Structures are given as structure tokens and as C-alpha cells.
Amino acid sequence: FIHAVPDTGALDFRPVDIVENTTFYGIAFRSTGQAFYKNSRAGARHFKIFLTPDQNLPAEQQQAMAQTVVQDINVTLEAGHRYTFILWGYSRAGSSPAMQLTILDDNPGDPGSQVALRLVNAGAGLGAVDGFQYARGTATGTSCPGGGTPAETATWTGLAELTASAYVQTAPGTKCYRVTPAGSGTTLFADAMALAGAPPNTVTGHQALPGTTQAGSAVSGFVVPRSVLGSKAPQTLTTPTIIFLWDRRPPNSEGF
């Protein structure tokens, strides 16, 4: 569950049909709570998103907040699929794009010896964007470009607000993302290094961590906007940015 609504406070996401460990509590704007999927029972399901109670308020006001439904969700989950529930847009009446819930089916095809990359424009108010992905250079440090050179042609062009791109496949490696308003050379934020992952550890028995350096992985970059001034969203988030999550793990290594 990703909270990408820039003009509201923290949210709780939880099932209301059965008891299971698919709850996400106190998720603030531009947060996910954790960077991995939770198992959920397949079939027809019922979830709700509530306001997170403000612990500084009297008990009766906290209870009222905890009962305030932001979204009521009925969905059929397919066994073996991975899903992202993303709440995005503006919650304030009259603002555009309006708040809505989108369920992304995160199931790219096996990229084999390559990696699959996607861009998601969760930036309400940013308009359409162009996205560039390129190999980071070998300069010391973790910032981009690190000696790498962005392509002149965008990987994803004119990606509308509240839209996910198709996946593209590329050779494994440390990748940078550059995002600009559609048709503009001005970047929305500093180029960012995507989730890199790590190889398997034969000593400890740990599998490879998904990321752009590990063949067979899929990674998404979510462009998120700044907080709306004067809203309950964290007021320190004054510029857009991008967050990265994995969508597909690399295959298990032989012998594990």
C-alpha cells in the first residue's frame, strides 16, 4: 500500500472481511510502511482505508478518526499475483486530479538475463512527465549520474498523472532515473539511483535481493509530489521526489 495523497494525514489500510496480516498502520504521505509484499488470501476480498488516529487528541476524537473511511475497496485477488494498492490525487474537494485508489497488478514477464523497469507518475499536480533511465557511471559515491550519461531520448514519454508505464527491459546494472515535465529539459528533482539489490550469499544462505543489478528482477520508480502547504501531510516535503520498490524477485539460486 502506497500513500501518495499530498494533502492529507496518515492512513491505515486493512482487510475487513477476514483476519490476516495485510494491515498497514500509520502510513504517512510518500510512505509504504515496508518494501515487500504481504501474503493475502485470493478470491473476492474487502479492504478499507481509514484515517490514522492522532495520538494527541482526546480518546473520543481518536475513535472517530479511526472509524472514518477514506476508501472502501472490493476486489478479486488472483492467486500468485502481486498487487500494489496506491491512493493518489488530492483529497480536498474541488482539487484535480481527485483522490482515487488504483490497484496495480505487478506481474511483469520474466526478464530472464535482463531486468524490467517501470515508471509510475503518482505526482498529483505535476502533469505529464518524461522519464529517462540510464546506467550509472563508476565515479566514487552513490549519487547519480556518477559519470553516467543520460540518453537524449526519454525511455517513457508523456506519462500522465496517476498512470503507470509499461515495463522496459535492459541489461542489469546500477541504474539512474531522471524525470522532467513532459517535453522539458528541467528536472523535477536530482537524478536518483534505483533500488540496486544484492547478489546471493552462499555463506549465509541468503537469496539475492531484488534490484537493478540482479538479472530477473523488476523495479518500479514512483514519482511523488510535494506536500500541499497547510495540509496535514508532512510540511517538510517541499519538493517532488521518487521512491523505488521491487515488483519481481530474481530466481532462486541453485543449492539454496
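Scoring rules and cut-offs
- Residues numbered from 1 in each chain as written.
- Predicted model: local features only at pLDDT ≥ 70, side-chain atom pairs only at ≥ 80, totals over all residues.
- Heavy atoms only, no water.
- Helix = DSSP H or I, 4+ residues; strand = E, 2+ residues; numbered from the N terminus.
- Buried < 20%, exposed > 50% of the residue type's maximum accessible area, 1.4 Å probe, protein only.
- Contact = heavy atoms within 4.5 Å.
- Areas by Shrake-Rupley, 256 points an atom, 1.4 Å probe, with all protein chains shown as cover.
- Phe/Tyr/Trp six-rings, centres within 6.5 Å; stacked < 30°, edge-to-face > 60°.
- Disulfide = S-S within 2.5 Å.
- Salt bridge = Lys/Arg side-chain N within 4 Å of Asp/Glu carboxyl O.
- Pairing = 2+ DSSP bridges.
- pLDDT = per-residue confidence, 0-100.
- Axes fitted to C-alpha atoms, helices over the stretch in contact; angles between N-to-C directions.

### So, the overall build of the protein chain
Right, so step 1: The helix and strand inventory of the protein chain stands at one helix and 16 strands.
Right, so step 2: Considered along the principal axes of its C-alpha atoms, the protein chain spans approximately 55 × 45 × 30 Å.
Right, so step 3: Expressed as a percentage of the 256 residues in the protein chain, the buried residues total 44%.
Right, so step 4: Taking as baseline every contact in the protein chain between residues at least 6 positions apart, the subset at least 24 positions apart corresponds to 66%.
Right, so step 5: Of the roughly 12,200 Å² of accessible surface on the protein chain, a fraction of 51% belongs to carbon and sulfur atoms.

### Remarks on the packing of aromatic side chains
Right, so step 1: According to the stated counting rule, one finds eight aromatic pairs in the structure shown.
Right, so step 2: Seen from their ring centres, Phe 13 and Phe 24 are 5.9 Å apart, and the 65 degrees between their planes marks the pair as edge-to-face. Taken as a pair, Phe 13 in strand β2 (residues 11-15) and Phe 24 in strand β3 (residues 24-27) lie far apart in primary sequence, 11 residues in all. Accessibility classification places Phe 13 together with Phe 24 in one group, the buried group.
Right, so step 3: With 5.3 Å between their ring centres and 80 degrees between their planes, Tyr 37 and Trp 246 make a pair best called edge-to-face. Placement of Tyr 37 in the loop between β3 and β4 (43-51) and of Trp 246 in strand β16 (residues 241-248) is noted, with a sequence separation of 209 residues between them.

### Quick notes on the state of the cysteines
Two cysteines form a disulfide when their sulfur atoms are joined by a covalent bond.
Right, so step 1: Under the defined criterion, the tally for this structure stands at one disulfide.
Right, so step 2: Paired by a disulfide, Cys 144 and Cys 176 hold their sulfur atoms 2.0 Å apart. Handedness of the Cys 144-Cys 176 disulfide follows from its S-S torsion of about -85 degrees: it is left-handed. Here Cys 144 is found in the loop between β9 (129-135) and β10 (156-159), whereas its partner Cys 176 is found in strand β13 (residues 175-181), with 32 residues between them in sequence. Taken individually, Cys 144 and Cys 176 each receive the classification buried, so the pair is uniform in this respect.

### Overview of the pattern of salt bridges
Right, so step 1: Tallied over the entire structure, the rule returns seven salt bridges.
Right, so step 2: When the shortest N-O distance is used, the salt bridge between Asp 72 and Lys 48 registers 3.9 Å. Pair noted here: Asp 72 is in strand β5 (residues 69-77) and Lys 48 is in strand β4, with a separation of 24 residues, a long-range link.
Right, so step 3: Here Asp 110 ties to Arg 248 by a salt bridge, and the two come within 4.0 Å at their closest N and O atoms. With Asp 110 in the loop between β7 (100-105) and β8 (115-121) and Arg 248 in strand β16, the pair connects residues that are 138 residues apart, well separated along the chain.
Right, so step 4: Through salt bridges with shared partners, a single ionic network connects Asp 17, Glu 20 and Arg 45.

### What about the sheet that holds strand β14 (residues 192-193)?
Right, so step 1: Here four strands make up an open sheet; going across it, the order is β10-β9-β13-β14 and the pairing antiparallel. Of all strands in the sheet, those bounded by a partner on one side alone are β10 and β14.
Right, so step 2: Where β13 and β14 come together, two bridges link them in antiparallel fashion. By the bridge assignment for β14, Cys 176 is matched with Met 193.

### Quick word on the confidence of the model for the protein chain
Interpreting fine coordinate detail is not advised for predicted regions of low pLDDT.
Right, so step 1: Counting all residues, the mean pLDDT for the protein chain is 93, and 98% of those residues have values of 70 or more.
Right, so step 2: Averaged pLDDT values over the elements of the protein chain bottom out at 81 in helix α1 (residues 59-66) and peak at 98 in β8.

### Some thoughts on the sheet that holds strand β1 (residues 2-4)
Right, so step 1: Ordered by their spatial adjacency, three strands build an open sheet running β1-β6-β7, and the pairing between neighbours is mixed. The open sheet has two edge strands with one neighbour each: β1 and β7. This sheet shows a mean twist of 20 degrees between the axes of neighbouring strands, independent of strand direction.
Right, so step 2: Looking at chain direction, strand β6 (residues 83-88) and β7 are connected through six bridges and run antiparallel. The partner of Leu 87 across the bridge, within β7, is Leu 101.

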